Structure formats: structure tokens, C-alpha cells
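Residue-level structural notes
Residues per chain are reported as follows:
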Amino acid sequence: MTNKIILAGFGGQGILFLGKKLATAGMDKDMNVTWLPSYGPEQRGGTCNCSVILSDTDISSPIIGSPDTLVAFNIQSYEKFMPRIVTGGKLFADSTLIDKHPERNDIDSYFIPATAIANDLGTPKLVNVVMLGYLIKNTDFFDRDYIRGVLTDSLPASKAALREANGRAFDAGYGYGE
Amino acid sequence: MSKVLIKGNEAVAEAAIRSGCRYYFGYPITPQTEIAEYMAKKMPTVGGLCLQAESEVAAINMVYGAAASGVRVMTSSSSPGISLKSEGVSYIVGCDLPCVILNVQRGGPGLGGIQPSQSDYYQATKALGHGDMQLFVLAPSSVQEMAQLTADAFGIADKYRMPVLILADGALGQMMEPVDFDALKFTPEPKKPWATNGHGGKRKKNIITSLFLKPEELEANVLERAEKYKIVTENEIRYENYMCDDADIVIVSFGITARISKAAVNEARARGIKAGLLRPITLSPFPAPVLRKLADTASAFLSVELNMGQMVNDVKLAVECRKPVSFFGRTGGSLPSSDDVLEQIIKISGGLK
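Counting restarts for each chain, with residues numbered from 1 along the sequence as it is written. To read the labels, note that chains go from A and ligands from 1, taken in the order they are written. Under the rules for a predicted model, residues below a pLDDT of 70 receive no local features and side-chain atom pairs below 80 are neither given nor counted, while totals for whole chains, interfaces and linings still include all residues. Values shown for side chains rest on all heavy atoms present in the structure; no hydrogens or waters enter the calculation.

Another aspect to go through is the overall build of chain B. Where helices and strands are cited, they refer to DSSP runs of H or I of at least four residues and of E of at least two residues respectively, numbered from the N terminus. Scanning chain B from N- to C-terminus turns up 12 helices and 14 strands. Only C-alpha atoms enter the radius of gyration; for comparison, a globular chain is expected to reach 2.2 Å times N to the power 0.38, where N is the number of residues. Against the globule reference of 20 Å for 353 residues, chain B gives a C-alpha radius of gyration of 21 Å, in line with a compact fold. Overall size of chain B, expressed as C-alpha extent along the three principal axes, is 75 × 50 × 40 Å. Considering chain B as a whole, with its 353 residues, one finds that 58% of them fall into the buried category. To sort residues, take the accessible area from a 1.4 Å probe on protein chains only and compare it with the maximum for the residue type: under 20% means buried, over 50% means exposed, and anything in between is partly exposed.

In terms of helices and strands, chain A carries six helices and six strands. Put simply, chain A runs from its N terminus to its C terminus through helices and strands in the order β-α-β-β-β-α-β-β-α-α-α-α. For chain A, the C-alpha radius of gyration of 15 Å lies close to 16 Å, the compact-globule estimate for 178 residues. Here, two residues are considered to be in contact whenever any of their heavy atoms come within 4.5 Å of each other. Restricting the contact set of chain A to residue pairs at least 6 apart, pairs at least 24 apart contribute 53%.

Bringing unusual backbone geometry into the picture now. All names here are of chain B. The omega torsion of the bond from G108 to P109 falls at 5 degrees, within 30 degrees of zero and hence cis. In this structure, the amide linkage connecting S284 to the following residue, P285, adopts the cis form with an omega of 5 degrees. Relative to the helices and strands, P285 resides in the loop between β12 (282-284) and α10 (288-297). One non-glycine residue with positive phi stands out, namely E320, at about 50 degrees.

Residue and element names in this part refer to chain B. Here, nonpolar core refers to any group of buried Ala, Val, Leu, Ile, Met, Phe, Trp, Tyr and Cys residues whose side-chain atoms link them within 4.5 Å. With 115 residues, the main nonpolar core has M39, M74, V250, L291, F301 and I345 as its most contacted residues. Element by element, the count of residues in this core is highest for helix α6 (residues 143-160), at nine residues. Both domains that meet at this core, namely domain 1 (4-236) and domain 2 (240-352), each give it at least three residues. Apart from the residues within four sequence positions on either side, V250 is in contact with C244, G276, L278, L294, A298, A300, F301 and L302. For the domain bounds, the source is a domain assignment made automatically or taken from a database.

Quick look at the pairing of strand β14 (residues 325-329) of chain B now. Residues and elements named next belong to chain B. Here, any two strands with at least 2 DSSP bridges between them count as paired. Two elements, strand β13 (residues 300-305) and β14, share five bridges in a ladder whose sense is parallel. Of the residues in β14, the one forming a bridge with E305 is G329. Crossover β13 to β14 through helix α11 (residues 311-319) is right-handed. Crossover handedness is defined here as right-handed if the route from the first strand over the helix to the second strand goes clockwise, with the strands pointing away from the viewer.

Where two cysteines share a covalent bond between their sulfur atoms, that bond is called a disulfide. Residue and element names in this part refer to chain B. Criterion for a disulfide: a pair of cysteine sulfur atoms within 2.5 Å. Enumeration over the complete set of coordinates arrives at zero disulfides over all chains. Between C99, a cysteine without a disulfide, and C21, which holds the nearest cysteine sulfur, the sulfur-to-sulfur distance is 10 Å. Its sulfur unpaired, C244 is 20 Å from the next cysteine sulfur, which belongs to C321. On the accessibility criterion, C244 (0% relative accessible area) is buried.

Another aspect to go through is the sheet that holds strand β9 (residues 239-242) of chain B. All names here are of chain B. Pairing in this open sheet of five strands is mixed, and the strands run β9-β11-β10-β13-β14 from one edge to the other. Each edge of the open sheet is held by one strand with a lone partner, namely β9 and β14. Strand after strand, the sheet turns through a mean of 20 degrees between neighbouring axes, direction not considered. Between N-to-C directions, angles span 0 to 180 degrees; the directions come from axes that are lines fitted to C-alpha atoms, helices contributing only their stretch in contact. Contacts from helix α9 (residues 255-270) reach β9, β10 (249-252), β11 (275-280) and β13 within the one sheet, and its direction differs from that of β11 by about 165 degrees.

The next subject is the packing of α9(B) against helix α12 (residues 338-352) of chain B. Residue and element names in this part refer to chain B. Contact pair α9 / α12: the axes reach a minimum separation of 8 Å and the direction vectors enclose 55 degrees. Classified by the angle their axes make, α9 and α12 are oblique. Two packed elements cross with a definite hand, and for α9 against α12 that hand is right-handed. Residue-level inspection shows I260, S261, A263, A264, V265, E267 and A268 of α9 in contact with α12, the latter providing S338, D339, V341, L342 and I345. Charged means Asp, Glu, Lys or Arg here, nonpolar means Ala, Val, Leu, Ile, Met, Phe, Trp, Tyr, Cys or Pro, and polar covers whatever is left, Gly included. Residue composition of the contact of α9 with α12, grouped by class: eight nonpolar, two polar and two charged. If an angle is under 35 degrees, it is roughly parallel; if it is over 145, roughly antiparallel; if it lies from 65 to 115, roughly perpendicular; otherwise it is oblique. By definition, any crossing whose near helix is turned counterclockwise from its far helix by less than a right angle is left-handed, and any crossing with a clockwise turn is right-handed.

A few words now on the domain arrangement of chain B. Residue and element names in this part refer to chain B. As far as domains go, chain B holds domain 1 (4-236) and domain 2 (240-352). Each of domain 1 and domain 2 has a C-alpha centre, and these two points are 28 Å apart. Contact with domain 1, which involves 30 residues of that partner, is made by 24 residues of domain 2. A pairing counts as a salt bridge when a side-chain nitrogen of Lys or Arg comes within 4 Å of a carboxyl oxygen of Asp or Glu. On inspection of domain 1 and its partner domain 2, the count reaches three salt bridges. The partner of K126 in a salt bridge is D314, with the nearest N and O atoms 2.8 Å apart. The term polar contact refers here to a pair of N or O atoms within 3.5 Å; inside protein, the definition further demands a hydrogen-donor-capable atom paired with an acceptor-capable atom, and it admits residues adjacent in sequence only when both atoms are side-chain atoms. At the boundary of domain 1 with domain 2, the tally comes to 17 residue pairs in polar contact (both at pLDDT 80 or more).

With that settled, the discussion passes to the packing of aromatic side chains. Each aromatic ring pair is summarised here by two numbers: the centre-to-centre distance and the angle between the ring planes. Within 6.5 Å between ring centres, the rings of Phe, Tyr and Trp (the latter by its six-membered ring) count as paired, and their orientation is classed by plane angle as stacked under 30 degrees, edge-to-face over 60, tilted in between. Going through the model one piece at a time under the given rule, you end up with eight aromatic pairs over all chains. Ring geometry for F142(A) and Y146(A): centres 5.9 Å apart, planes at 45 degrees, overall tilted. Measuring from ring centre to ring centre gives 5.8 Å for Y121(B) and F254(B), while their planes differ by 35 degrees; the resulting arrangement is tilted. Taken as a pair, Y121(B) in helix α5 (residues 121-125) and F254(B) in the loop between β10 and α9 lie far apart in primary sequence, 133 residues in all. Joined through ring pairs, the aromatic side chains of F92(A), Y110(A), Y134(A) and Y176(A) make up one cluster.

Counting residues at the interface gives 18 residues for chain A, matched by 22 residues for chain B. The term buried area denotes the loss of accessible surface (1.4 Å probe radius) that occurs when two parts are joined, taken as the sum for both partners. Across the chain A/chain B interface, buried area totals approximately 1500 Å², and carbon plus sulfur atoms make up 70% of it. It is M27(A), Y39(A) and S60(A) in chain A that bury the most area against chain B; as a group they hold 42% of the surface buried on that side. At the boundary of chain A with chain B, the tally comes to zero salt bridges. Scanning the region where chain A abuts chain B turns up five residue pairs in polar contact (both at pLDDT 80 or more). Taken together, the elements giving at least two residues each to the side of chain A that touches chain B come down to α1 (15-28) and β2 (32-37) of chain A. Broken down by element, the residue count for the side of chain A that touches chain B peaks at five residues, all from β2(A).

Right, let's get into the sheet that holds strand β3 (residues 49-52) of chain B. All names here are of chain B. On the basis of which strands lie adjacent, the open sheet formed by seven strands has the order β3-β2-β4-β5-β7-β6-β12 and mixed pairing. The open sheet has two free edges, formed respectively by β3 and β12, since each of these has just one partner strand. Taken pair by pair, the neighbouring strands of this sheet meet at an average axis angle of 20 degrees, ignoring direction. Two elements, strand β6 (residues 136-138) and β12, share two bridges in a ladder whose sense is antiparallel. Along β12, the bridge assignment pairs V137 with S284.

Right under this line is the structure:
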């Protein structure tokens, strides 16, 4: 089983962080994982993406031509990567910033107003964590409690408030639509 | 035995420090700048020195000086920056000094691009500098191997008193994979009685130079070094043989493309095509004897590279034109997919029947 995930949006939305959490969670489960950032003459506010592969076999290339899962945080990323999703793949999109819907019926689309939810929680920076919760709910990548632990354990125990805020953002994403 | 998720560039830096490297001289260039960043953070905590030089030329000459004083030292850069270092590299070879140089290749020529490439194969294996010279060239193909080959590079450099070049690429440098640093094997640093590190009036002075004005002296010096290269070739060739022994089609590929080729070999095998992968881990010395032997049993060879076809010529030389050798590659920063490689295998396989 191999999962090829592209996460994309603006710099500052925590996209690379989110990808690293997924890769770390896979590594700790003894899966083969790769994480590859887009790199280039980047600038503040510019687009940013990373490719994460989780697999129980050897990973040949860390580069993903056609993702089976796309997590899009802005319209540019949506337009660039949505057409590349494999048939039967999944689209996750932040509907606060993406007001389009794909004209494809061969993929499953999951929209969540992640930015609005993060703002309502008073933690606008945790839009990525809200999305992580929603992603975990609607995929079989990882068990809920396991990845929630990976997320909060990566924060120092001295920052209890931050742990708590991350947990809350994760739960809001996980529980969205219920 | 816990693994950490780390970039290839950072894995090289950490492995270098664990190998006893205490001096790093560099100049920033994408896609390898994380090495300098990591060294800048870590070196002061282990009593080492990380120095951002004013240019690549300055950095390699600082390596030259540090190596002459007998310490473990390294520099890193990416393709255009490596070209700038070439003069210094030649001097270091001419003085028989050990050091480690990392090239995280990007597309060229010129400033080219910043995406992955293997287009410096010729430069690395034939002439990274003027004169009758060779480097020891290692080609990792995973982040774990980036770390292990860095550790090995310091040992080899000291053992043979020659620069070791690690030829990586932008994908290997930028990607994160799990690395088990506890699993790394290190070579202890030998005594270096030849080093110019101050004799305190207690021993004869050491002289390190690459200048020999008398032709017979220079010839003797070059011949002696050629003897060393012969020993290196006899003892240090490394490769991975993946299902080559019964293979009709042997793919030869190193670094990131070897991983892609391996997936293609598996897919070909699943279709009943007997394919195999010979992955050179040392590009210089090149595993020519292994390929020569495989030419007895294989029907065709395919070199897969991120360039316009460079290593393919070494494969041709190795198999001595006894079997057809073809080339497949992408250049400019794009990588082939395993399906692209599989298509080539199927094409060759069809021609064989």
C-alpha cells in the first residue's frame, strides 16, 4: 500500500509542518516515508508545497506526478494540482479560500472551512492542524488517537497551552460535518 | 535505535560531525544550503568551526589549508559552485591531501536550474580539475546512505590521502527520509605524520606542495599516484547487484535514478521480463569488472541517468561492445517515472526476441 500525498498552499499556512507530521507518523510506524518540499526562488506569501509518500514497500522517487490525495489550502494550488489527482483519489480543500468545486466525478471531494474554523477557535495559525483532523477522519492513513499523540507529543510539555490548542484544532477538524 | 526524519543535506552534515569533521568551509547555493545552516548551528557546540567564505574558491582553499594541517575537513556546493572549486581540488590532489567534497547536483550548464540532475558525472569522474588526476567518487541513493557514505568518505580520504567527492543531487539533498544515526559505521582518524601542523623543533619539517619543476620529479610523483589509483580500483569498488545474475537486461543507474530503475525492474519482472539493476556506489573507481562479467550472461544494458548520456560511455567501455548498450534519461531538472524506464525495458526486450 502506497499513499502519495501533495499538500499545497501559501507559505505560512503550515504546509511543510503538516507534511512532516504525516511523514513522522509513518516513520514511527516503521513505514517507508519520503518528504520533499518544493524549493526554488521562493518569496513570502508565495506558493509552497510538499510531497509526502507513505508506503510499506521501497519508495522509488520522492516526486509525485499524480497524487492520490491532494490537500489544497489556496486556489492556486487547487487549480494546479486538482487535475492531476488519480481516478479514485481524494481532494481536501479549505473552502474558506477555495470557492470552486471540481468538475470531476472520478474523485472524492472533501471541503472544510479550515481557515474560518481556526479563526473561530482563536488560533488562526492552526489552520493546518484543523485540516489534519479532517484528513485523518476521511482517510485510513492513521488511527485518530495515534496521530493526535504524534502531533501533541511533538510540542514540549512546558507548552501545555499550545498542546491543548493543537488538540482542540485537531478535534474541530476531525469532528467537522458530524 | 530510533530513527529521525531528516533532509539528505542535514544527514550529511550530522554524519560529518559524528565522523570527527570539525572544519566546514562553504558558500551558499541551492539546493545544498541546509548543510552550511546545520554546520553553523552544530559546529560551535562541538568545538568545531563553520565558516562562510567569501566565495567557493576561498572555501576550497581553506579546505586545502585545513587538510594540510591534518584535520578532518569538508566543503559542499552545487554544480556551478563545484566548477569554481575545481582549481583548488586539483591542488589538493597534487598534494595528496584527504578531504570530503559534496556536490548536490543541479541542472546545467551555466547557472542552469536548481532542480535535481546528474549532469556533472563527467566532471566528477573524469576531470574535476586540471592535470593527471582522479577523485574517489561515491554516489548515495537514499538519505541513510547520504549519511553512511559521508562517514565512509572520511575514512577513505584518510586511508588513501585523496579527496573523496560525494555526488548527490537536489532530490537527495532536499528530501527527508528516516535515518538511523546509531547504525552508522565510522572509521577512526589515523595518525597523520605528514601534516604541516608545527614541528616545535622536534622533528624534520614536512613540506606539502604540488609544484615539481623538474619533469622527472613530476613524472615520478604522478606515477606514484597512479599506483595508488590502481590499489584503490582493486580494493574499493562498491556496487549493489539487484537481480542481475539471471537478468537478460541489466539497467545501470546510480543515485536517485537507481531507485526509480529498481521499481521498473520489479515491474518488468512481474511481466516476465528478466531485468536487473546494477547500481554503482563508487562511480570512480567504476565497477567495470562487474559489468564486464555481466556481459557474459546479459543480452543488453541500459544506462539510466539524469543527463544526456554520460555514464553510458563507461558502461560501453566496461562491456567492451560485446552487448548492446542503450541510454535513457531526462535532463534539466526533471526525473523519469518508473513507467518511463519500464517502457524502455519493454522496448529493448521486444528487440531481443
